[in-house]
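In case you want the letters, here they are:
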Amino acid sequence: MEFGTLVQTLTDWVVSIGSGVNDLPGTVAFGLGLFTWFAVEQVLQRVFNGLKWAILIGVVVALGLSLPYLFSTVFGSGGPS
């Protein structure tokens with residue numbers, strides 16, 4: 001099962017149960033809140049982890065493009081003035 005499909009299925013399930021949360025016993029409502037918090041935390045962790053890698057790759061690419069210029073400037077091997 002794809003991650004997006006799993007998230008959508010779990011979201012639909014929580015919303016359907018959450019619509020009648022006032023009728024649930026306190027421990028079940030607490031468990032639902034705990035499960036929802038955990039699921040959202042996991043989704044956000046995966047999104048931010050992907051974003052972290054995108055930022056790191058962007059920094060590496062930016063440094064890779066500027067390192068030749070920096071070396072030529074620092075070691076005085078000619079570069080544009």
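Above this note sits the structure.
Residue-level account of the overall build of the protein, with values.
The secondary structure content of the protein amounts to two helices and zero strands. Relative to a compact globule of 81 residues, whose C-alpha radius of gyration would be 12 Å, the protein shows 25 Å and is clearly more extended. C-alpha extents for the protein along the principal axes are approximately 75 × 25 × 15 Å. Counting all 81 residues of the protein, 4% fall into the buried class.

Before we move on, could you go through the packing of aromatic side chains and cite the residues and values that matter?
Here the structure, examined in full by the defined rule, presents one aromatic pair. Taking 5.7 Å as the distance between ring centres and 85° as the angle between the ring planes, the aromatic pair formed by Trp 13 and Phe 35 counts as edge-to-face. Taken together, the positions of Trp 13 in helix α1 (residues 3-18) and Phe 35 in helix α2 (residues 26-74) put the pair 22 residues apart, joining distant regions of the chain. Relative accessible area serves as the criterion here: at 43%, Trp 13 is assigned to the partly exposed category.

Give a detailed account of the layout of surface pockets, specifying residues and quantitative values.
By volume, the largest pocket is sized at about 270 Å³. Lining the largest pocket are 15 residues, with Val 7, Leu 10, Ala 39, Val 40 and Val 43 sitting closest to its centre. Broken down by element, the residue count for the lining of the largest pocket peaks at nine residues, all from α2.

Thresholds applied
- Throughout this description, residue numbers start from 1 for each chain and increase along the sequence as written.
- Two thresholds apply to this predicted model, a pLDDT of at least 70 for residue-level local features and 80 or more for giving and counting side-chain atom pairs, whereas whole-chain, interface and lining totals are computed over all residues.
- Only hydrogens and water are set aside; all other atoms, that is, all heavy atoms of the structure, feed into the side-chain values.
- Only DSSP runs of H or I covering at least 4 residues are called helices, and only runs of E covering at least 2 are called strands; the numbering of each starts at the N terminus.
- With C-alpha atoms as the basis for the radius of gyration, the globule rule is written as 2.2 Å multiplied by the number of residues raised to the power 0.38.
- With a 1.4 Å probe rolled over the protein chains alone, any residue whose accessible area is under 20% of its type maximum counts as buried; one over 50% counts as exposed, and the rest are partly exposed.
- Whether two aromatic rings pair depends on their centres lying within 6.5 Å, for rings of Phe, Tyr and Trp, where Trp uses its six-membered ring; planes under 30 degrees apart make the pair stacked, over 60 edge-to-face, and the rest tilted.
- The distinction between a cavity and a pocket rests on a 1 Å grid over the protein atoms alone: a 1.4 Å probe fits inside a cavity but cannot get out, while a pocket stays open yet meets protein on both sides within 12 Å along at least five of seven lines, and a residue with an atom within 4 Å of a point counts as lining.
- Grid points are joined across faces, edges and corners, and a volume is the space filled by probe spheres set on the points.

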